[in-house]
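# Survey of secondary and tertiary structure
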Amino acid sequence: YEYFGLPFPCCPSWTRRRHVGSSVFFHRKMKIDFAPVDVPLHRRLQTAAVVQWVFCFLALAPTCIILFLYLLFTRFWLISVLYSLWWYYDFDTPARGGRRAPVLCGLKVWGYMRDYFPIKLVKTADLDPRHNYILGFHPHGVLVAGAFTNFCTDATGFQQLFPGLTSYLLMLPLWFRAPFFRDYIMCAGLIPSDKESASYPLRKKKGGSAVVIAVGGAPEALDAHPGTFNVLLANKKGFIKIAMEHGAHLVPVFSFGENEVYDQVENPKGTWLRWTQDWLQGIMGVSLPLFHARGIFQYSFGLMPYRRPIYTVVGRPIKVEKKEKPSGEDLDALHQLYMDELSSLFDEHKGNYGVDKDVHLNFV
């Protein structure tokens, strides 16, 4: 990752200006580490699986919007019209638990994606399916690879480790307004992250629902730098209140390695870059971290994540008594207990995953 001996992504100096005919272009020295030709087939399939996932995460929604609008001005306009009618009829489905498709969640492609990193789901305690749960996922990372693979697919064996539970991963409501794309993400078990949508599965009296919340959300992605353990949690109490209102047990989850799969341009608070990112995040609701890692056929730059292991550790459940109108003191006490349990989970397992014994979580 070097330009003239500077670690990527530092901007290189232009080496010289060359003139060829009437054209002028800049030339710079750049070393690219290409992948070998004889890469085994199974590793190529793993890469292909992650390519489609990165594309879906970053570009499928705008692609679907453009396709929807484009079809309106072609002889296939009826497709968009009929979909509009379906969309109107199906508008409330995301807020009512979505429409999970076991066939999609069980596709072999997710097994290849799991093995690319690899990703492993670690169980520390049983979760009684007679109860409902809120799983707090930390940290968010850049593209929440661990949360998606573990809780939206069958690749890591969630249903075998926690029989009787159905997981629902929360996602920004913005993405459920994209035609076609909304249907795809609902099939993977994703639901909007607003309060009403998150509460719907928790109303099941027989239990069996596990709502997964990346508590730090989009803002935490801006702090997803390798080697950091910052958790945006100190003032996050909304999920605590939902848990108390429905009597849903809280389960802390920490994903070791989540911040290691991408590098990110340095953006400490107080810099113009971070101010711009925070400003855009406040307007659009989505954060824009300037991340990079490797490419498809080379290892020097690109938007493909590094092949670094992710271990998602599911902690012990915290019993929550139902209180439809919890007081501020009740919320503060449960919030502090949750942070203590998350810290204990991290300290108990960090040695197994290469984290120094002197490192502790930093609650922001």
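No experiment lies behind these values; they were computed from the predicted model shown.

Procedures and definitions
By convention here, each chain's residues receive numbers from 1 onward along its written sequence. pLDDT decides what is reported in this predicted model: residues at 70 or higher carry local features, side-chain atom pairs at 80 or more are listed and counted, and totals for whole chains, interfaces and linings draw on all residues regardless. Here the side-chain values reflect all heavy atoms present in the structure, with hydrogen atoms and water set aside. Each helix is a run of H or I in the DSSP string that is no shorter than four residues. Each strand is a run of E no shorter than two, and both are numbered from the N terminus. Only C-alpha atoms enter the radius of gyration, while the globule expectation follows 2.2 Å times N to the 0.38, with N the number of residues. For the exposure calls, accessible area comes from a 1.4 Å probe over protein chains only, and a residue counts as buried if that area is under 20% of its type's maximum, exposed if over 50%, partly exposed in between. Residue contacts follow a heavy-atom distance rule, with two residues in contact if any of their heavy atoms lie within 4.5 Å. In short, Shrake-Rupley with a 1.4 Å probe defines the accessible areas, and a residue's cover is counted only from the protein chains shown. Two residue types count as positive, namely Lys and Arg, and two as negative, namely Asp and Glu; His and chain ends fall outside the count. By convention, the charge on Lys lies at NZ, on Arg at CZ, on Asp at CG and on Glu at CD. Only a pair of cysteine sulfur atoms within 2.5 Å counts as a disulfide in this structure description. Any N or O atom pair separated by 3.5 Å or less is treated as a polar contact, with the protein-specific requirement of one donor-capable and one acceptor-capable atom, and with residues adjacent in sequence counted only for side-chain atom pairs. Ring pairs are drawn from Phe, Tyr and Trp, using the six-membered ring of Trp, whenever the two centres fall within 6.5 Å, and their geometry is named by plane angle: stacked under 30 degrees, edge-to-face over 60, tilted for the rest. Axes here refer to lines fitted to C-alpha atoms; in helices the fit is confined to the stretch in contact. Angles between the N-to-C directions go from 0 to 180 degrees. Each angle is binned into one of four classes, with values under 35 degrees roughly parallel, values over 145 roughly antiparallel, values of 65 to 115 roughly perpendicular, and all other values oblique. Here a salt bridge means any side-chain nitrogen of Lys or Arg lying within 4 Å of a carboxyl oxygen belonging to Asp or Glu. Values of pLDDT, ranging from 0 to 100, describe the predictor's confidence in every residue of the model.

Attention now goes to the overall build of the protein chain. Each helix and strand in the protein chain was counted, giving 12 helices and 15 strands. Over its C-alpha trace the protein chain gives a radius of gyration of 22 Å, about what one expects of a compact globule, namely 21 Å for 364 residues. With respect to the three principal axes, the spread of C-alpha positions in the protein chain is 75 × 65 × 45 Å. Expressed as a percentage of the 364 residues in the protein chain, the buried residues total 47%. The long-range fraction of contacts in the protein chain, counting pairs at least 24 apart against all pairs at least 6 apart in sequence, stands at 76%. For the protein chain, the accessible area works out to roughly 18800 Å², and carbon and sulfur atoms hold 61% of it. Positive and negative side-chain charges of the protein chain, numbering 39 and 31 respectively, have mean locations separated by a distance of 7 Å.

Throughout the structure, instances matching the rule amount to zero disulfides. The cysteine cysteine 64 is free of any disulfide, with cysteine 56 supplying the nearest cysteine sulfur at 8.6 Å. The thiol sulfur of cysteine 105 is not disulfide-bonded, and the nearest other cysteine sulfur, from cysteine 152, lies at 7.2 Å. The exposure class of cysteine 105 is buried, given its relative accessible area of 2%.

A few words on the side chain of glutamate 245. Along the chain, the position of glutamate 245 falls in helix H10 (residues 238–246). A polar contact of 3.3 Å, which involves the side chain of glutamate 245, links it to the side chain of lysine 195. Beyond its immediate stretch of four places on either side in the chain, glutamate 245 contacts Lys195, Lys322, Lys323, Glu324 and Pro326.

With that settled, consider the packing of aromatic side chains. This model, assessed by the stated rule, comprises 23 aromatic pairs. With a centroid separation of 5.7 Å and an interplanar angle of 75 degrees, the aromatic rings of phenylalanine 151 and phenylalanine 158 are classed as edge-to-face. Summarising the burial analysis for this pair, phenylalanine 151 and phenylalanine 158 share the class buried. Ring centres of phenylalanine 256 and phenylalanine 346 lie 5.5 Å apart, and the angle between their planes is 15 degrees; on these two criteria the pair is classed as stacked. Here the residue phenylalanine 256 occupies a position in strand E11 (residues 249–256), and phenylalanine 346 occupies one in helix H12 (residues 328–349), the gap between them amounting to 90 residues. Of the two residues, phenylalanine 256 and phenylalanine 346, neither departs from the other in class, the shared state being buried. Three or more aromatic residues link up through ring pairs in this structure, and these residues are Phe229, Phe254, Phe256, Tyr311, Phe346 and Tyr353.

Glancing now at the packing of helix H1 (residues 41–71) against helix H4 (residues 108–116). Where H1 meets H4, the closest approach of the two axes is 8 Å, and the angle between their N-to-C directions is 105 degrees. For the element pair H1 / H4, the angle class is roughly perpendicular. Of H4, the residues touching H1 (which contributes His42, Leu45, Gln46, Thr47, Ala49, Val50, Gln52 and Trp53) are Val109, Trp110, Tyr112, Met113, Asp115 and Tyr116.

Tallied over the entire structure, the rule returns 18 salt bridges. With a closest N to O distance of 3.6 Å, arginine 182 and aspartate 183 form a salt bridge. Overall, aspartate 183 belongs to the buried group, its relative accessible area being 15%. Counted as one network, the salt bridges with shared partners bring together Asp90, Arg99, Arg182 and Asp183.

Take the confidence of the model for the protein chain next. Interpreting fine coordinate detail is not advised for predicted regions of low pLDDT. Per-residue confidence for the protein chain gives a mean pLDDT of 90; residues scoring 70 or more make up 92%. Every residue in residues 1–28 is under pLDDT 50, and counting partners more than four places away or in other chains gives 41 contacts.

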